[in-house]
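# Structural features, examined
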Amino acid sequence: MGGKISTDLIRGHTDTIILNILRQGDSYGYEIYKTVLTLSGQRYELKEATLYSAFRRLEQDELIVSYWGDETQGSRRKYYRITAKGKDHYEQNRKDWVFAREVLDKLIQGGLNSDE
Amino acid sequence: MNNEISQKNKIDEYINHLFAGVGASQQLFELKEELAVNLREKIQDIKARGLNDEEAFREAVASMGDLSGLVEDMRRLGQDTARQSVYTSMKARISTAGIVIGSMLILFGLFSALMLYFMAGFGVASLGNLIFLVAGGTLLTYSVLTRETMHKYAMNTIRAALYGLSVGLLLFSIFTGFVTRYATGEMFIAVASVMVFFIAGVGILLTLLLTGSDRSKQ
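An account of the accompanying structure is given in this report.

How each quantity is defined
Residues numbered from 1 in each chain as written. Chains lettered and ligands numbered in written order. Predicted model: local features only at pLDDT ≥ 70, side-chain atom pairs only at ≥ 80, totals over all residues. Heavy atoms only, no water. Helix = DSSP H or I, 4+ residues; strand = E, 2+ residues; numbered from the N terminus. Rg over C-alpha atoms; globule rule 2.2 N^0.38 Å. Buried < 20%, exposed > 50% of the residue type's maximum accessible area, 1.4 Å probe, protein only. Contact = heavy atoms within 4.5 Å. Areas by Shrake-Rupley, 256 points an atom, 1.4 Å probe, with all protein chains shown as cover. Lys, Arg positive; Asp, Glu negative; His and termini not counted. Charge placed at Lys NZ, Arg CZ, Asp CG, Glu CD. Buried area = accessible area lost by both parts, 1.4 Å probe. Salt bridge = Lys/Arg side-chain N within 4 Å of Asp/Glu carboxyl O. Axes fitted to C-alpha atoms, helices over the stretch in contact; angles between N-to-C directions. Parallel < 35°, antiparallel > 145°, perpendicular 65-115°, else oblique. Nonpolar A, V, L, I, M, F, W, Y, C, P; charged D, E, K, R; others polar. Phe/Tyr/Trp six-rings, centres within 6.5 Å; stacked < 30°, edge-to-face > 60°. Lys NZ or Arg CZ within 6 Å of the ring centre and 35° of its normal.

### Some remarks on the overall build of chain A
- A count of helices and strands for chain A gives 5 helices and 3 strands.
- When the helices and strands of chain A are placed in sequence order, the string is α-α-β-α-α-β-β-α.
- Scaling as 2.2 N^0.38, a compact globule of 116 residues should have a C-alpha radius of gyration of about 13 Å, whereas chain A reaches 17 Å, well beyond that.
- A principal-axis box enclosing the C-alpha atoms of chain A has dimensions of 65 × 35 × 20 Å.
- Per-residue burial for chain A yields a buried fraction of 34% across its 116 residues.
- Partitioning the contacts of chain A with sequence separation of at least 6, the portion at a separation of at least 24 is 46%.
- Looking at chain A as shown, the accessible area adds up to about 7,400 Å², and 50% of this sits on carbon and sulfur atoms.
- Taking the average location of the 18 positive side-chain charges in chain A and that of its 18 negative ones, the two points are 4 Å from each other.

### So, the interface of chain B and chain A
- Contact with chain B, which involves 26 residues of that partner, is made by 25 residues of chain A.
- Buried surface at the junction of chain B and chain A, both sides included, amounts to about 2,300 Å², of which 51% is carbon and sulfur.
- Taken as a group, B:Glu34, B:Asn38 and B:Glu41 account for 21% of the area that chain B buries against chain A, more than any other trio of residues on that side.
- There are 6 salt bridges connecting chain B and chain A.

### Points about unusual backbone geometry
All names here are of chain A.
- Notably, Gln 42 is not glycine yet its phi reads approximately 65°, a positive angle.
- Inspection of the secondary structure assignment puts Gln 42 in the loop between helix 3 (29–39) and helix 4 (48–60).
- For Glu 62, which is not a glycine, the phi torsion comes out positive at approximately 65°.
- Structurally, Glu 62 can be placed in the loop between helix 4 and strand 2 (64–68).

### As for the packing of helix 4 of chain A against helix 4 (residues 68–79) of chain B
- At a minimum axis distance of 9 Å, the contact between helix 4 of chain A and helix 4 of chain B shows a crossing angle of 40°. Looking at the two axes, helix 4 of chain A sits oblique to helix 4 of chain B. Along its contact with helix 4 of chain A, which presents A:Tyr52, A:Ser53 and A:Arg56, the element helix 4 of chain B presents B:Leu70, B:Asp73, B:Met74 and B:Leu77.
- Considered class by class, the residues forming the contact of helix 4 of chain A with helix 4 of chain B number 4 nonpolar, 1 polar and 2 charged.

### Focus: the side chain of B:Ser63
- Tracing the sequence through the fold places B:Ser63 in the loop between helix 3 (53–62) and helix 4.
- A residue is classified by how much of its surface remains accessible, and B:Ser63, at 13% relative accessible area, is buried.
- Apart from residues lying up to four places away in sequence, B:Ser63 is in contact with A:Tyr33, A:Glu45, A:Lys47, A:Glu48 and B:Lys42.

### Some remarks on the packing of aromatic side chains
- One pass over the full model with this rule turns up 10 aromatic pairs over all chains.
- For the pair A:Tyr52 and A:Phe55, a centre-to-centre distance of 5.7 Å together with 75° between the ring planes defines the contact as edge-to-face. In this pair, A:Tyr52 and A:Phe55 both sit in helix 4, 3 residues apart, roughly one turn of the helix.
- Ring centres 4.0 Å apart and planes at 25° place the aromatic pair A:Phe55 and A:Tyr80 in the stacked group. One end of the pair, A:Phe55, is in helix 4; the other, A:Tyr80, is in strand 3 (residues 78–82), with 25 residues separating them in the sequence. As far as burial versus exposure is concerned, A:Phe55 and A:Tyr80 are alike and both buried.
- Among the aromatic residues, those joined into a ring-pair cluster are A:Tyr28, A:Tyr67 and A:Tyr79.
- We note A:Arg76 situated over the ring of A:Trp68; from NZ or CZ to the ring centre the distance is 3.9 Å.
- A cation over an aromatic ring shows up here: B:Lys10 above the ring of B:Phe57, its NZ or CZ 4.6 Å from the ring centre.

### Remarks on the pattern of salt bridges
- Using the criterion set out here, one finds 17 salt bridges over all chains in the structure.
- Ionic pairing is found between A:Arg76 and B:Glu33, a salt bridge with its closest N-O pair at 2.6 Å. One end of the pair, A:Arg76, is in the loop between strand 2 and strand 3; the other, B:Glu33, is in helix 2 (residues 26–48), on a second chain.
- One salt bridge in this structure joins B:Asp53 and B:Lys47, with 2.8 Å as the shortest N-O distance.
- The partly exposed category is assigned to B:Asp53, whose relative accessible area is 21%.
- Residue B:Lys47 is classed as partly exposed on the basis of its relative accessible area of 26%.
- One salt-bridge network, held together by shared partners, links A:Arg56, B:Asp73 and B:Arg76.

In structure tokens, the structure reads:
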């Protein structure tokens with residue numbers, strides 16, 4: 001694994017990861033890619049293939065909207081912004097995660113004879 | 001500079017190859033541009049670590065991951081025209097409204113100027129209403145450019161707005177010229193006021209014409 005997190009573990013959370021970045025400010029594809037690397041301490045790389053599929057899905061679900069940057073030259077960036085619905089969705093996912101983490105922690109590490 | 005251009009071509013070629021045979025759609029057109037811009041930036045970053053053009057390109061492409069899901073998505077969109085029209089309908093509606101209102105503004109300006117001309121004769125009063133032509137022309141330019149047609153994809157809204165602005169400035173300069181000419185009776189003042197807006201308009205228009213990307217569908 002070389003100090004990288006397993007993709008299986010993280011797969012279901014791609015959308016929440018992207019929403020977490022966007023709720024802190026608008027961003028574009030490559031910047032989000034870099035932010036994921038930084039946030040994970042270089043231990044998780046969200047592949048572009050996954051990222052752009054997620055953008056399309058999130059946009060269809062109206063959790064994010066996109067707009068083109070104002071670079072008038074040939075190269076303009078496509079930015080994404082989180083919607084109100086997206087923020088609610090993020091908050092729900094975050095709560096679900098905290099809950100799941102607690103339960104999983106008990107299931108994976110909990111001892112049977114612990115006296116509460 | 002030459003190097004930069006060949007690098008850009010290489011990226012475009014790679015992306016075109018990736019989506020080869022996928023039916024055209026506005027989304028595909030935009031996705032290709034999005035991928036190209038981000039890929040270019042990534043290659044720049046990799047090169048900053050000391051790799052050469054070729055190595056940086058290969059590393060960036062390799063780290064993209066498996067794009068077949070995305071290609072498949074686009075293929076489905078290219079075939080399914082109904083879904084495509086759902087996506088573009090909002091933009092198309094705005095563009096349609098712009099064309100209708102723009103044309104109505106132009107007609108209103110022309111008719112009211114004509115009316116005032118028969119009422120009060122040629123002069124500032126009748127010319128004043130031609131300002132609606134300026135507004136209408138600006139709106140019409142913007143709306144036509146943001147419209148997706150059989151042969152061309154829609155222009156991005158900011159470029160289209162700048163085109164609208166340049167057309168507006170050019171029309172406004174002519175409008176100002178006539179009004180100042182008849183308000184002051186002096187030709188040199190009219191020329192002076194035309195000059196300011198006309199030059200600005202030409203400047204923006206030239207910049208746009210020289211930087212555009214090809215929007216035509218194959």
